[in-house]
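Chain residues, written in single-letter form:
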Amino acid sequence: MNTLGWTRRALVAAATATLAVGGAAHAQSEQMIDQLHFIVPGGAGGGWDGTARGTGEALTESGLVGTATYENMSGGGGGVAIGYMIENADSLDNTLMVNSTPIVIRSLTGVFPQSFRDLTLVAGTIGDYAALVVPVDSPIQDMAGLLEAYAEQGTDFAVGGGSVPGGMDHLVAAMVMQAAGEDPAAVNYIPYDAGGEAMAGLLSGEIDALSTGFSEAIALAEQDEVRILGVTASERVPAYSEAPTFMEQGIDTEFVNWRGFFGPPGMDEAQRQQYIAAFEALYDTEAWEDVRSRNGWVNIWNPGDDFRTFLEAQEQEIGDLMRTLGFL
């Protein structure tokens, strides 16, 4: 394991071990939520969008929520949506924002001035591995082929992602290249505002490879549009076992991106507890298992104040990693 092995291990530990797998959930929440509105900080087709819509689908189909609606609010690396939640806190009823590891990364790098501390923390609910993919007609067949192409093309070889420079997709690509023996700072990273735009950039030939969430990669691979070169799991994921891990290709990189839900600041505690109960009850439903398995998500459960403890620990771990990689 190279010199950054301990930081990667720490990040994996912060994203997995600290998040306890959902145990015996309530069979039903005490009271069904009539309506729930999801704010998505990015565009359609990205990981946040898929998480919100998949969660809403399972909540409504299981009867825990009456109706669910969605609003995509791109911009500022997620900062526009966070600002909206804060500025309109008094008028936002039945509204939750989905977010994930980037809320920690982008706060650390100053992409936006707010942090998770400015919101009401409801729960971390799932994890998603990361992946590197290429178009299905690319001559690159595996990570050895990618590294060979990278050696030949140098900075002409572009890796894209649906996050800002120094964001999560960039960080994952840098971690992989670092573990493969390359200079992570030398990677030519092309940012897109959302996962859907990044996929379009890949398929149009603007970039050579894409760093993205594994669930997003699965959807495109099943449509024969991309080839998954590697996934940041310790072993192959049953949801798409054709995808090799980086580990099995000799690249010591593991990572899982948590995803969860936040309310506006000042949310009534009784309402927060109702949301927590609904999310916990969701784990025991067939509707959730269908959505979870379809997307290759990892079940996690990190509610309320435990969510804050986890995020504070991850903030420290990711900050240390990003400083080591030269992003801070």
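A brief report on the enclosed structure follows. Keep in mind that what you see is a predicted model, and the values were worked out from it rather than measured.

### Overview of the overall build of the protein chain
Reasoning step 1: Each helix and strand in the protein chain was counted, giving eleven helices and ten strands.
Reasoning step 2: The C-alpha radius of gyration of the protein chain comes to 19 Å, within 12% of the 20 Å expected for a compact globule of 328 residues.
Reasoning step 3: Based on the C-alpha atoms only, the size of the protein chain along its principal axes is roughly 60 × 40 × 35 Å.
Reasoning step 4: The proportion of buried residues among the 328 residues of the protein chain is 59%.
Reasoning step 5: Summarising the internal contacts of the protein chain: among those between residues at least 6 apart in sequence, 78% fall at separations of at least 24.
Reasoning step 6: As displayed, the protein chain offers around 12,500 Å² of accessible surface, 47% of which is attributable to carbon and sulfur atoms.
Reasoning step 7: The positive charge centre, built from 13 side chains, and the negative charge centre, built from 45, are 4 Å apart in the protein chain.

### Quick word on the environment of Gly75
Reasoning step 1: Looking at the secondary structure, you find Gly75 in the loop between strand S2 (65–72) and helix H3 (79–87).
Reasoning step 2: C-alpha separation for the pair Gly75 and Trp288, spaced 213 residues apart in sequence, amounts to 30 Å.
Reasoning step 3: Ignoring sequence-local partners within four residues, the contact set of Gly75 consists of Pro41, Val80 and Asp193.

### Topic: the nonpolar core
Reasoning step 1: Met97, Ile103, Leu146, Trp258, Phe262 and Leu311 are the most contacted members of the largest nonpolar core, which has 51 residues in total.
Reasoning step 2: Residues contacting Met97, with those up to four places away along its chain left out, are Ile39, Pro41, Ala81, Ile82, Met85, Ile103, Leu119, Gly260, Phe261 and Phe262.
Reasoning step 3: Counting residues in each nonpolar core, the second largest holds 30 residues, with Val65, Ile126, Phe279 and Ala281 among its members.

### Brief notes about the pattern of salt bridges
Reasoning step 1: The tally for this structure, following the rule as stated, stands at nine salt bridges.
Reasoning step 2: Note that Glu248 is salt-bridged to Arg236, the shortest N-O span being 2.6 Å. With Glu248 in the loop between strand S8 (226–231) and strand S9 (256–263) and Arg236 in the loop between S8 and S9, the pair connects residues that are twelve residues apart, well separated along the chain.
Reasoning step 3: Accessibility expressed as a relative area gives 43% for Glu248, which makes it partly exposed.
Reasoning step 4: Its salt-bridge partner being Glu289, residue Arg292 comes within 2.7 Å of it at the nearest N-O pair. One end of the pair, Arg292, and the other, Glu289, are both in helix H10 (residues 286–295), three residues apart, so they sit about a helical turn from each other.

### A word on the environment of Phe327
Reasoning step 1: Relative to the helices and strands, Phe327 is located in the segment after helix H11 (304–325).
Reasoning step 2: What Phe327 contacts, discounting residues up to four positions off in sequence, is Thr109, His170, Leu171, Ala174 and Met322.

### Remarks on helix H9 (residues 269–282)
Reasoning step 1: Here H9 spans 20 Å end to end across 14 residues, near enough to the 20 Å set by a 1.5 Å rise per residue.
Reasoning step 2: Every buried residue of H9 is listed here: Arg272, Tyr275, Ile276, Ala277, Ala278, Phe279, Glu280, Ala281 and Leu282.
Reasoning step 3: At the N-terminal boundary of H9, the capping side chain belongs to Asp268, with an oxygen 3.0 Å from the backbone nitrogen of Ala270.

### What to know about the side chain of Thr125
Reasoning step 1: With respect to the helices and strands, Thr125 occurs in strand S4 (residues 120–135).
Reasoning step 2: Leave out the neighbours within four places in its chain, and Thr125 touches Arg259, Gly260, Phe261, Phe279, Tyr283, Val298, Asn299, Ile300 and Trp301.

### Concerning the packing of aromatic side chains
Each aromatic ring pair is characterised by the separation of its centres together with the angle its planes make.
Reasoning step 1: The final tally for this structure, using the stated rule, is eleven aromatic pairs.
Reasoning step 2: Consider the rings of Phe262 and Phe307, whose centres lie 5.3 Å apart with planes at 40 degrees: the pair is tilted. Residue Phe262 is located in strand S9, and its partner Phe307 is located in helix H11; the two are separated by 45 residues in the primary sequence. Both residues of the pair, Phe262 and Phe307, belong to the buried class.
Reasoning step 3: Each residue in the set Phe38, Tyr70, Phe261 and Phe279 is aromatic and connected to the rest through ring pairs, giving one cluster.

### A word on H3
Reasoning step 1: Those residues of H3 lying buried are Gly79, Ala81, Ile82, Gly83 and Met85.
Reasoning step 2: In this fold, the buried residues of H3 make contact with strand S1 (33–40), strand S3 (95–100), helix H4 (102–108) and S9.

Criteria and thresholds
All residue numbers here refer to positions counted from 1 along the written sequence of the relevant chain. With the structure being a predicted model, the display of local features is reserved for residues of pLDDT at least 70 and the display and counting of side-chain atom pairs for 80 or more, all residues being used for whole-chain, interface and lining totals. Side-chain measures were taken over the full set of non-hydrogen atoms in the model, leaving aside hydrogen atoms and water. For the purposes of this entry, the term helix denotes a DSSP run of H or I that reaches at least four residues, the term strand denotes a run of E that reaches at least two, and both are numbered from the N terminus. Atoms counted for the radius of gyration: C-alpha only. Globule rule: 2.2 Å times residue count to the power 0.38. Partly exposed residues are those whose accessible area sits between 20% and 50% of the maximum for their type, while under 20% is buried and over 50% is exposed, using a 1.4 Å probe and protein chains only. By definition in these notes, contact holds between two residues if any of their heavy atoms fall within 4.5 Å. Using the Shrake-Rupley algorithm and a 1.4 Å probe, accessible areas are obtained, with residue cover drawn only from the displayed protein chains. By the counting rule applied here, Lys and Arg register as positive and Asp and Glu as negative, while His and the ends of each chain are not counted. The atom standing in for a charge is NZ when the residue is Lys, CZ when it is Arg, CG when it is Asp and CD when it is Glu. The nonpolar core is taken to be a set of buried Ala, Val, Leu, Ile, Met, Phe, Trp, Tyr and Cys residues, with the residues joined through side-chain atoms within 4.5 Å. For this analysis, a salt bridge means a side-chain nitrogen from Lys or Arg found within 4 Å of a carboxyl oxygen belonging to Asp or Glu. A helix's residues, less one, multiplied by 1.5 Å, set its expected span. We call two N or O atoms a polar contact when they sit within 3.5 Å, provided that within protein one can donate a hydrogen and the other can accept it, with sequence-adjacent residues counted only if both atoms are side-chain atoms. In summary, the pairing rule links any two rings of Phe, Tyr or Trp, Trp by its six-membered ring, whose centres are within 6.5 Å, and it sorts them by plane angle into stacked for under 30 degrees, edge-to-face for over 60 and tilted for everything else.

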